[in-house]
Amino acid sequence: MNTETVTIRRIGPTSALKFGAVVGLVVGVLYFVLALFSVIEIRGTVERLVMLVMFLFIGVLAGGLSGLVGAWVYNIALNLTGGLQLEVSFGRDEKDGGVPPAIGSMMSHDE
């Protein structure tokens, strides 16, 4: 296996915000499902819809803000420490002749 060391130099705030919002959305759905099967008695469809919207809104908001604050804190800590080093290993792939992908091809290009 081919290994390379990569240093994360910066986390883009909008990327972290989007990632956190999606994670929060999934957590909100899970909390909603757990609430439906818990001891909380929900009588009507309207109450269930209100609860679903509440869990989704709070989940997206909390997840997005957590991602944004986490990226901000990481980028501040990065200035003090120089970044986070990761060791990435690439397996040989038959279809491309065993050449590992370039590191840049794995990075997000949305920022």
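For the structure, see preceding data.
Keep in mind that what you see is a predicted model, and the values were worked out from it rather than measured.

A. Inspection of a nonpolar patch on the surface at higher detail. Taken together, the side chains of Leu17, Met54, Phe57, Ile58, Leu61, Leu65 and Leu68 make up a nonpolar region of the molecular surface, amounting to roughly 630 Å² of accessible area. A per-element tally of the nonpolar patch places helix 2 (residues 45-81) first, with six residues. With respect to the helices and strands, the residue methionine 54 is situated in helix 2.

B. Seen up close, the side chain of asparagine 75. Among the secondary structure elements, asparagine 75 is positioned in helix 2. The exposure class of asparagine 75 is buried, given its relative accessible area of 15%. Among the polar contacts listed, one links the side chain of asparagine 75 to the backbone oxygen of isoleucine 11, at a separation of 2.9 Å. With near-sequence residues (within four places) excluded, asparagine 75 lies in contact with Arg10 and Ile11.

Reading the values: rules and limits
Residues numbered from 1 in each chain as written. Predicted model: local features only at pLDDT ≥ 70, side-chain atom pairs only at ≥ 80, totals over all residues. Heavy atoms only, no water. Patch = residues over 30% accessible without salt bridge, like charges linked within 9 Å, V, L, I, M, F, W, Y side chains within 5 Å. Areas by Shrake-Rupley, 256 points an atom, 1.4 Å probe, with all protein chains shown as cover. Salt bridge = Lys/Arg side-chain N within 4 Å of Asp/Glu carboxyl O. Helix = DSSP H or I, 4+ residues; strand = E, 2+ residues; numbered from the N terminus. Buried < 20%, exposed > 50% of the residue type's maximum accessible area, 1.4 Å probe, protein only. Polar contact = N/O pair within 3.5 Å; in protein donor to acceptor, adjacent residues only side chain to side chain. Contact = heavy atoms within 4.5 Å.

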